[in-house]
Structures are given as C-alpha cells and as structure tokens.
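Report on the structure
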Amino acid sequence: MSQFANYIDGQWVEGASVSRNVNPSNLDDVIGEFAQADADQTQRAISAARKAFAQWSLSTPQQRFDLLDQVGSTILARKAELGRLLAREEGKTLPEAIGEVGRAAQIFKFFAGETLRIGGEIVPSVRPGMTVEVTREPLGVIGLITPWNFPIAIPAWKIAPALAFGNTVVIKPADLVPASTYELVKIIAEAGAPAGVINLVMGRGSVVGEALVSSPDVDAVSFTGSVSTGRAIGAKCFASGKKFQLEMGGKNPMVVLDDADLAVAIEACINGAFYSTGQRCTASSRLIVTEGIYDRFIDGMKARMQALKVGDALADGTHIGPVVDDKQLQQDERYIAIAREEGGTVFGGERIERETRGYFLAPALITETTSGMRINREEVFGPVASVIKVKDYDAALAAANDTEFGLSAGICTTSLKYASHFRRHVQAGMVMVNTATAGVDYHVPFGGRKGSSYGPREQGSYAREFYTTVKTAYVSPGTV
Ligand code: NAD
C-alpha cells in the first residue's frame, strides 16, 4: 500500500495516524494511505511557515515568478497523469479531471504574471510638499482549508496568489481527496520553494482545520466548503482577529424563458445540473422555466438525461461519474425523498449497479416544485435539479432571487432586453447568459454574495485584495 506523508518545513513527515483514500468508482481500488496530522504537528507546520515568512516576504518578484511559472509548466506537462489521479480519487470523469488540472496549471501561470504586476501608487498629498505612497505587502502565514469537489483547482487558486504576493502557506485539503493536493505540494517543493514556504497537513477538519483557525500564528484563513463549516470558521477567525475569506454553498438558478433556443437551454441545464455529478458549488440546481416552453423543455431534458451514461469516471464515454462517497449519496437520496414528500414528481434519481462497487446515482429531475420547498432552499450537492414553473420573466427573476444564496445565476433567452435586465438585477456574484451556471475562466474574479461568500473575491487580479495588506506612507517635505 502506498504511503503519503505530510510536508512540513521542507521535510516529508509521517502523521499521527493514516487514512485510506478510496476510489468512489471502485471501492476495491485504494489509492493509498495518507498521513493524518494532529494539532501538534499542525502547529509545527504553522511555526515553519512563520519562520520562512521572514525571507519569503522579502523575495524578489522574479524569484516568485520563476517558482510559480515552473509549477504551472510541470502541472501542464503532467496533465494526463494528474487528471487520472484526480478522477480516481474524486469521481469526476477523466476529461473533466484533466480539464481541472489544466486549469490549475493556468492559475499558476496567471499568478506568476501577477508577481510582476503588483505595483503601487504615488498620490499627491492635500498638504503642501508631502508625498503619499500606497503599497501592498504580504499578510504573513495563510491557512488554507479546501473542499473535496475540486481537489487541485481550489488548492491552486488559493496557494498561487498566497505565494505570488509573498505569503507562506499551510494547506489542509479535504479528507476525502488528499492525493491531488499532495502531488501539487510535491511539485511546488520540487520546483524549489524554500523550506517552510509551503506546508501540507492532511487530516480531519475538526483537528487540523481547527488548529489552523485557532492558532495565533496564522494571520489569515481562506476557506472553501459548506455554509455551516464556513460560518463557524468565520466566527472563530473574527474572535481571534484573523483576516478571513469564505466561499460556501449555492442554490444557483437557471432561468429558461419562452423565447429561449430550446437546444441551447437544454444543453446549458444538462451541463450545469448534472456534469461533475452535480457536485459543483455553481451547479444549476433550480431550473426556473416559463409556461410557454415548459412542456417542450421538460420532454427535452428527460430525453437527454436518458442518454447520459453514468459509470466509472475513468471509462471512455462516461458522462457522469459516481457520487463522491456514501455519506453524500445518502444526502442526495434523502433530498430526493424529501422533495417527493413535499409534492414533487421525481424523474430518475435511482441507484445504479455497475461492474465495480461504487456510488452511482442516475441524475434526478424534480418537477412540480415551488420556491418554498426544502429542495429549492437547501444545497443538495449531487446530480439533482428541481424545476419551478413560472408565468413570465418577472416571476422568474423573483424566483431566482428567492434564496439565501447568491453564487452563480443563468438565463437562457434570445431577448437582449431580458438578458440585460437579468444581468443587472439577479443577486449573484456571477451571471451567465445562454451558458451553464458552472464553468468559469481562470483569470477573472470568482465568488458570490448573500449567504454564498464572505470577503474579497478569489482569482484574477482581484485575489490581491485578500492576499495582501495595504500600507499608506506619508513622506514629509525635507526628508532626503
Ligand atoms: P465541508 O465544509 O464539509 O469541508 C470543507 C473543508 O473544511 C474540509 O477540508 C474539511 O475538512 C474542513 N473542516 C471541516 N470541519 C472543520 C472545522 N471545524 N474547522 C476547520 N475546518 C473544518 O465542505 P465539503 O463537503 O468538503 O465541500 C462541499 C461544500 O463546498 C459545498 O457546500 C459546496 O457548495 C462548497 N463549495 C463552495 C465553493 C465556492 O467557491 N463557493 C467551491 C467548491 C465547493
């Protein structure tokens, strides 16, 4: 059995215990045993990052550029192999997994460039002769806590900006998918990151995550995961005076209007709701459809769903891989049952047997639902979409905004008037017109509003808001 250690202060070190990483497409396939840190080991990683910060915060942009650029190149060169590992541990299909790895590489390339673009401002003072200079500095030690659904892209979009701007890092990946982050950290170490600049502590949220959030030596925490965990982490960070950023759940609406191109709408909804097994925070989980197109849309969706192949993530032709684990599968089934009890009509959504033991679930479309039902209020995080039938555009917009979340939202229409109005008035951090709510570029801001997010946006040039702190310097006349 392959063993995978934690990475602390430039050394690979065993954990206090180990945890098995199992392939959700084939429960007989064990990827390896991964170290589980305890609180003491986590604190050692934090101390190493603190010590390394003294030098790394003074490194030149060229040093940081070279490191990040090389990491990006290595990931790209190993895209196929890393994609296979990712599909094996998380269960998204091989093409999706390879795409995610490619995205991680591009993120490192983008932030390599950002090291050179940091700059500052010289501002005329309101006082005679005085000069004002505004610059950005690194924050210090950043604790990164990531979820299981993007095992390499999310670690990449947190690690790359943290290092680009001169911070040091302690990362705790999700318990279910440590292998991709392990490989990423190994690539960063082998690219020449000095000891302590990047540290990996695998293990349980309640132990390792908790130690990161409560340590006074951690200056900031960037978290992606569920609302309940995020809010608890936010409260602890606030209490201990840490900067924090939370990216949490979604209940993303996709509006389909009477004037939509039916084929475009169905494609956007099939992709947004069911690809990556619906396990995306940006998944289209509420399909809000106006009366005139409703019957044609539902018939078209059912036909497309029946043609989707659910199976082994690594097999050719699979459209939908397995659910990530038994707990998530049970949650998906529980929500399907709740929707039925609330009066919804369920199409699909049954467990599927395949050659290997795995967590296979047919995609589910739930019709006859209303905004007040739990299926339309709570995040399921599986291949489950509900449909809300509405009279017209105004009712559709009201339904789209009738949620405590605000991550991504979409509209399918051929009307510029409705598309423009929706872009302006939907309460979401990201808006999509005639394309799926999930699937975003790597060089522009990512994030939401309302209950979905807290703090500055991630990715693109906006990432510097979180990973740097601003200093305003006043230089008096007469200073030489
Ligand atoms: P989760 O909240 O269960 O876990 C996220 C991370 O937090 C894991 O690493 C976990 O070990 C850690 N954790 C758990 N308890 C902790 C504690 N007490 N202290 C510190 N850390 C702790 O989420 P998950 O099930 O891994 O991921 C699914 C969720 O992530 C969904 O809600 C999804 O919407 C969300 N998500 C959001 C985005 C986004 O950008 N908005 C992206 C991907 C996933």
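Residues numbered from 1 in each chain as written. Predicted model: local features only at pLDDT ≥ 70, side-chain atom pairs only at ≥ 80, totals over all residues. Heavy atoms only, no water.

**Considering the overall build of the protein chain**
Keep this limit in mind: Secondary structure is summarised from DSSP: a helix means a run of H or I of at least four residues, a strand means a run of E of at least two, and numbering begins at the N terminus for each. Here the term buried applies to any residue with accessible area under 20% of the maximum for its type, exposed to any over 50%, and partly exposed to those in between, with areas from a 1.4 Å probe on protein chains only. For this analysis, residues touch if any pair of their heavy atoms sits within 4.5 Å.
For the protein chain, the count of helices and strands is 14 helices and 21 strands. Each of the three principal axes of the protein chain carries a C-alpha extent, and together these read 75 × 65 × 40 Å. Of all 480 residues assigned to the protein chain, the portion counted as buried reaches 57%. Here the analysis covers contacts within the protein chain between residues at least 6 apart in sequence; of these, 73% occur between residues at least 24 apart.

**What to know about unusual backbone geometry**
The residue Thr-277 is not glycine, and still its phi comes out positive at about 55 degrees. Following the sequence through the fold, Thr-277 ends up in the loop between helix 9 (262-274) and strand 14 (284-290). For Gln-459, which is not glycine, the phi dihedral falls at a positive 70 degrees. By secondary structure assignment, the location of Gln-459 is in the loop between strand 20 (453-454) and helix 14 (464-467).

**A word on the environment of Ala-364**
Checked against the element boundaries, Ala-364 lands in strand 16 (residues 364-369). Overall, Ala-364 belongs to the buried group, its relative accessible area being 0%. Measuring from C-alpha to C-alpha, the distance between Ala-364 and Asp-332 comes to 9.6 Å, with 32 residues separating the pair along the chain. Sequence-distant contacts of Ala-364, that is, excluding residues within four places in its chain, are made with Phe-274, Met-305, Ile-336, Phe-347, Gly-348, Gly-349, Pro-383, Val-384 and Ala-385.

**Focus: the UniProt feature "active site" (unreviewed entry) in the protein chain**
Note the cut-off: UniProt positions are given in the numbering used here, feature names are shortened, and annotations may be inferred rather than shown by experiment.
Under the local residue numbering, the UniProt record ascribes the feature "active site" (unreviewed entry) to Glu-247. On the secondary structure map, Glu-247 appears in strand 12 (residues 243-247). Leave out the neighbours within four places in its chain, and Glu-247 touches Phe-223, Thr-224, Gly-225, Leu-407, Phe-446, Gly-447, Gly-448, Ser-452, Ser-453 and Glu-458.

**Focus: the packing of aromatic side chains**
Basically, it comes down to this: Only rings of Phe, Tyr and Trp enter the pairing, Trp through its six-membered ring, and a pair is recorded when the two centres are within 6.5 Å. The plane angle decides the type: under 30 degrees is stacked, over 60 is edge-to-face, the rest tilted. Each ring is checked for a lysine NZ or an arginine CZ that lies within 6 Å of its centre and within 35 degrees of its normal; such an atom marks a charge sitting over the ring.
One pass over the full model with this rule turns up 11 aromatic pairs. Centre to centre, the rings of Phe-4 and Phe-34 are 4.2 Å apart; their planes meet at 5 degrees, and the pair counts as stacked. You can see Phe-4 sitting in strand 1 (residues 3-4) and its partner Phe-34 sitting in strand 5 (residues 26-36), a full 30 residues away along the chain. Accessibility classification places Phe-4 together with Phe-34 in one group, the buried group. Aromatic pair Tyr-7 and Trp-12: ring centres 4.5 Å apart, planes at 45 degrees, arrangement tilted. A network of ring pairs unites the aromatic residues Phe-4, Tyr-7, Trp-12, Phe-34 and Tyr-182 as a single cluster. Stacked on the ring of Phe-110, the Lys or Arg Arg-117 has its end atom at 5.5 Å from the ring centre. We note Lys-389 situated over the ring of Tyr-294; from NZ or CZ to the ring centre the distance is 4.6 Å.

**With respect to the nonpolar core**
Convention followed: What makes a nonpolar core is a set of buried Ala, Val, Leu, Ile, Met, Phe, Trp, Tyr and Cys residues whose side-chain atoms join them at distances within 4.5 Å.
Ile-75, Phe-108, Ile-159, Leu-163, Leu-184, Ile-188 and Ile-198 are the most contacted members of the largest nonpolar core, which has 65 residues in total. Looking at this core, the element that brings in the most residues is helix 4 (residues 94-114), giving 10 residues. Ignoring sequence-local partners within four residues, the contact set of Ile-159 consists of Phe-108, Leu-144, Val-169, Ile-171, Leu-184, Ile-188 and Ile-198. Ranked by size, the runner-up nonpolar core spans 29 residues in total, among them Ala-260, Ile-270, Val-289 and Ile-352.

**What to know about the UniProt feature "domain: Aldehyde dehydrogenase" (unreviewed entry) in the protein chain**
Annotation from UniProt places "domain: Aldehyde dehydrogenase" (unreviewed entry) at residues 12-472. As a span, residues 12-472 carries 40% helix and 22% strand, and end to end its C-alpha atoms are 40 Å apart.

**Topic: the sheet that holds strand 5**
Rules: Strand pairing requires that DSSP identify at least two bridges connecting the strands. Angles shown run from 0 to 180 degrees and are taken between the N-to-C directions of axes, each axis being a line fitted to C-alpha atoms and, for helices, limited to the stretch in contact.
Across the sheet, which stays open at both edges, the 3 strands sit in the order 1-5-4 with mixed pairing between neighbours. The sheet terminates laterally at strand 1 and strand 4 (17-23), the two strands that pair on one side only. Pairing geometry for strand 4 and strand 5, over 7 bridges, is antiparallel. Within strand 5, the position partnered with Asn-23 by the bridge is Asn-26. Running over the sheet, helix 3 (residues 79-90) touches strand 4 and strand 5 and is turned about 100 degrees from strand 5.

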